[in-house]
Amino acid sequence: MKILITIEKNEVAPRFDQTSEILITETDGEKVTGNPRIILLPGTSGDDICGLAIKESVALVICGGIEETHYEYLLWKKIKVVDGVIGPYEQALHFAMANNLKPGIILPGACSWEGYS
Amino acid sequence: MAKKQAHAIFPTDDPLLNKLDLGSLLDSMALGVLFVDRARRVITINRFLEALTGYNREEVLGVHGENVIRSNLLSKGDPVGTVLVSDKTLTLEGDIINQSRKKIPIRFTLSPLKLISGKKAGVMIILEDISLLKDLDSKIHGFSGKERIIGNSLKMQEIFELLPIAAKTDASVLITGETGTGKDLVAEAIHRASNRSRYPFIKVNCGALPEALLESELFGHVRGAFTGADKDKPGMFRLAHGGTLFLTEIGDLSLPLQVKILTVLDDKEFFPVGGSKKISVDVRIITATHRDLGELVRQGNFREDLYYRLNVLRLHLPPLKERDDDFRLLLDHFFREFRANLKKKTKGFSEDCLKLLSSYSYPGNVRELRNIVEYAVNVCGDETIQPQHLPKIMLTKPQIHPPAAPRKERLLPENGTTAVDTEVNSASYTLPAPGGWSEVEKGMILQALTETAGNRSRAAEMLGWSRSKLWRKIKQHRLE
């Protein structure tokens, strides 16, 4: 399965249409196969990322906040979207392979704060 | 496990400040507030921001702030970094995308958070929802698609006189009237004119969801309350805190949910589905229905106590046929609106056309009149709209002039007002309402797709649209 993740540094990017970096990788359901590619986009455009997902025949898009139009468009193109994901993208990928990645999930690695005491 | 604290106060040198309940203070504000520390992690968010973003405060503590608000601020440089470095307050306009995938225009104000000792603790980000301002701006500078309530007739004047009274109080309002008479517009107008206008106005259609889903939608649920409830959901009552909850089609509400609504109205608190902790809310309720609630009470399908609780202020919107003075006003208004929107040079309606329009019964009321005008302005390629430019249904079916239509009147004893239904408005009426331009457009798309054997690229070209526009329209008309 080919997976596209919108990323920012080591995290899933907060917002789909503001992302300039994406990771494309393939998995056999249990582990990553081949070399994941990180693509730097010339600008930030939700339309361009949708176009890239289609061109790359991606089966799953993992992202942060996404507008309804882009979400519906990807679904219409038979691309599954797990949106609203917060946390490190590697963790998101592992959760996806374990079939545990749900829309709106806040991954354990997202919270590094111990609170004030 | 990360240690989380909901209402942390920064350690300060002032013992009084240390004792302040900052959380309650922030929750009373009609603006979204986000505190982030120097590493930009969420220290707290207020209740308004919970409603705006769809996140619970507890679940996002310690998360990077940008992941919660999902703004486009970073496209404007690094304003949080600028505030941390410069100590200046910045005001910027942008937008956020919330959990419902909706883009909301926002005015951001970023200020440094400093301790009394002078030490920088982080940044306070204030988010002001400027959707209304943007709407107003588009009304002034262009077509917005949202018309105001129009009417000079005596019955509408009575409504206009009641609106400010309804806006001044927090009493429940029940809006009744046939379909298409503008119940939603009136509810929103009351909210906008009220002291709650800076807080959310949330509309829930009680007839659109099955009982279990509606209960979760209204009151929220806690994680694990039922299969698939993998996280807490705040619910519309909580999201509307401080503002107005508009429950439309209240007559379709099941009896068990009626009891729960009644409890919230009385106690101003409720238990979320599966929850053991009561949630307190301050929400004004406006309800609407096209049904005769008094009759439902008599049939035992609507609780009498809830009925009296909702029916504190009653507004009955007249059907179009009872607004003779408003017909031309509305017709001209919609004509001007669509002519400007569609950049048409059409000058008006022919005499025959006006006769036909004024003799039609409008079972769909103002909404139907608007659809008919939209259709006619779209279809007409000439200077004057002729009868053939009207929806075919108006030309082929026998017209029923309102005064000639048999009426059955029933007295609503609760306030003495009379609701009048012509036969065409009763349940036995089968004449379908014209779909307006929407139907024409749907037909055009189907024709183009048929002629191109389903080839969307060629169909889009034939229609003079981009592929993405055709895709949007196909989705809109549910033609997949």
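Residues numbered from 1 in each chain as written. Chains lettered and ligands numbered in written order. Predicted model: local features only at pLDDT ≥ 70, side-chain atom pairs only at ≥ 80, totals over all residues.

Points about the confidence of the model for chain A
- Of the residues in chain A, 95% reach a pLDDT of 70 or more, and the chain-wide mean stands at 87.
- Mean pLDDT values over the elements of chain A span from 86, in strand S4 (residues 32-40) of chain A, up to 94, in strand S5 (residues 60-62) of chain A. (pLDDT = per-residue confidence, 0-100. Helix = DSSP H or I, 4+ residues; strand = E, 2+ residues; numbered from the N terminus.)

A look at the pairing of strand S3 (residues 90-97) of chain B
Residue and element names in this part refer to chain B.
- One ladder, built from eight bridges, connects S3 with strand S4 (residues 103-114); its direction is antiparallel. When the sheet's bridge partners are listed, Leu-92 is paired in S4 with Phe-108.
- The loop that links S3 with its antiparallel partner S4 comprises five residues; one of these, Arg-101, has a positive phi angle of about 65°. (Pairing = 2+ DSSP bridges.)

Topic: unusual backbone geometry
- A positive phi is found at Lys-78 of chain A, a non-glycine position, where the angle reads about 65°.
- Along the chain, the position of Lys-78 of chain A falls in the loop between helix H2 (68-76) and strand S6 (80-82).
- Positive phi outside glycine occurs at Arg-40 of chain B, with the angle close to 70°.
- Within the secondary structure, Arg-40 of chain B sits in the loop between strand S1 (32-37) and strand S2 (42-45).
- Owing to 17 C-beta atoms within 10 Å, Arg-40 of chain B belongs among the partly exposed residues under this scheme. (Buried ≥ 20, exposed ≤ 12 C-beta atoms within 10 Å, placed from the backbone.)

Things to note about the environment of Asn-10 of chain A
All names here are of chain A.
- By the element assignment, Asn-10 lies in the loop between strand S1 (2-8) and strand S2 (11-12).
- By the C-beta count within 10 Å, which is 11 here, Asn-10 ends up exposed.
- When the C-alpha atoms of Asn-10 and Gly-87 are compared, they prove to be 8.4 Å apart, with 77 residues separating the residues in sequence.

Some points on the interface of chain A and chain B
- The interface is formed by 25 residues belonging to chain A together with 25 residues belonging to chain B.
- Its residues assigned to classes, the side of chain A that touches chain B comprises eleven nonpolar, eight polar and six charged. (Contact = placed C-beta atoms within 7 Å. Nonpolar A, V, L, I, M, F, W, Y, C, P; charged D, E, K, R; others polar.)

A word on the sheet that holds strand S6 (residues 173-177) of chain B
Residues and elements named next belong to chain B.
- Across the sheet, which stays open at both edges, the five strands sit in the order S7-S8-S11-S6-S12 with parallel pairing between neighbours. Of all strands in the sheet, those bounded by a partner on one side alone are strand S7 (201-205) and strand S12 (313-317). The sheet shows a mean angle of 20° between the axes of neighbouring strands, direction not considered.
- Here S6 pairs with S12 via five bridges, running parallel. What sits directly across from Val-173, in S12, is Leu-313. (Axes fitted to C-alpha atoms, helices over the stretch in contact; angles between N-to-C directions.)

Re the nonpolar core
- In terms of nonpolar packing, the biggest core is built from 98 residues, with Ile-5, Val-12 and Ile-62 of chain A together with Leu-34 of chain B touching the most fellow members.
- Inspection of this core shows a minimum of three residues originating in each of domain 1 (15-129) and domain 2 (147-317) of chain B.
- What Ile-5 of chain A contacts, discounting residues up to four positions off in sequence, is Val-12, Ile-22, Leu-23, Ile-62, Tyr-89, Ala-92 and Leu-93 of chain A.
- The next biggest cluster of nonpolar side chains, apart from the first, holds 18 residues, and it includes Phe-335, Cys-353, Ile-372 and Tyr-375 of chain B. (Core = buried A, V, L, I, M, F, W, Y, C linked by C-beta atoms within 7 Å. Domains from an automatic or database assignment.)

Points about the environment of Lys-203 of chain B
Residue and element names in this part refer to chain B.
- Position of Lys-203 relative to the elements: it lies in strand S7.
- Lys-203 sits in the partly exposed class, given 17 other C-beta atoms within 10 Å.
- Taking the C-alpha atoms as reference points, Lys-203 and Asp-184, separated by 19 residues in sequence, lie 8.6 Å from one another.
- Ignoring any residue separated from it by four or fewer positions in sequence, one finds Lys-203 in contact with Asp-184, Phe-246 and Thr-248.

Focus: the packing of helix H8 (residues 154-168) of chain B against helix H9 (residues 183-193) of chain B
All names here are of chain B.
- Relative orientation of the contacting elements H8 and H9 amounts to 55°, with a least axis distance of 8 Å. The orientation of H8 relative to H9 falls into the category oblique. For H8 against H9, the interelement crossing comes out right-handed. Packed against H8, whose contacting residues are Leu-163, Pro-164, Ala-166 and Ala-167, the element H9 presents Ala-189, Ile-190 and Ala-193 at the interface.
- Residues that form the contact of H8 with H9 fall into these classes: seven nonpolar, no polar and no charged. (Parallel < 35°, antiparallel > 145°, perpendicular 65-115°, else oblique. Left-handed = near helix turned anticlockwise from the far one by under 90°.)

With respect to the sheet that holds strand S5 (residues 120-129) of chain B
Residue and element names in this part refer to chain B.
- What the five strands build is an open sheet, ordered S2-S1-S5-S4-S3; its pairing is antiparallel. With partners counted over all chains shown, the strands left at the sheet margins are S2 and S3, one partner each. Each strand of the sheet is rotated relative to its neighbour by a mean of 25°, with strand direction disregarded.
- Lying on the sheet, helix H6 (residues 79-86) is in contact with S3, S4 and S5; it crosses S4 at an angle near 20°.

Examining the environment of Leu-41 of chain A
Residues and elements named next belong to chain A.
- Among the secondary structure elements, Leu-41 is positioned in the loop between S4 and helix H1 (46-55).
- In the structure, Leu-41 is positioned 20 residues away from Glu-21 in sequence and 6.0 Å away in space, judged by C-alpha atoms.
- Other than its neighbours up to four places away in sequence, Leu-41 contacts Ser-20, Ile-22 and Asp-48.

Looking at H8 of chain B
Residues and elements named next belong to chain B.
- Here H8 spans 23 Å end to end across 15 residues, near enough to the 21 Å set by a 1.5 Å rise per residue.
- The largest bend in H8 amounts to roughly 25° and is located at Leu-162, with the proline Pro-164 lying one to four residues further along.
- Looking only at H8, the buried set comprises Met-156, Ile-159 and Ala-166.
- Contact partners of the buried residues in H8: S6, H9, S12 and helix H15 (324-341). (Expected span 1.5 Å × (residues − 1). Bend = angle between axes of the 7 residues up to and from the residue.)

Topic: the confidence of the model for chain B
All names here are of chain B.
- Per-residue confidence for chain B averages 79 on the pLDDT scale, and 84% of its residues sit at or above 70.
- pLDDT under 50 marks residues 399-434. Its contacts with residues more than four places away, or in other chains, come to 56 contacts.
- Model confidence for the complex: the whole-complex pTM is 0.51, and ipTM, which rates the interface, is 0.89.

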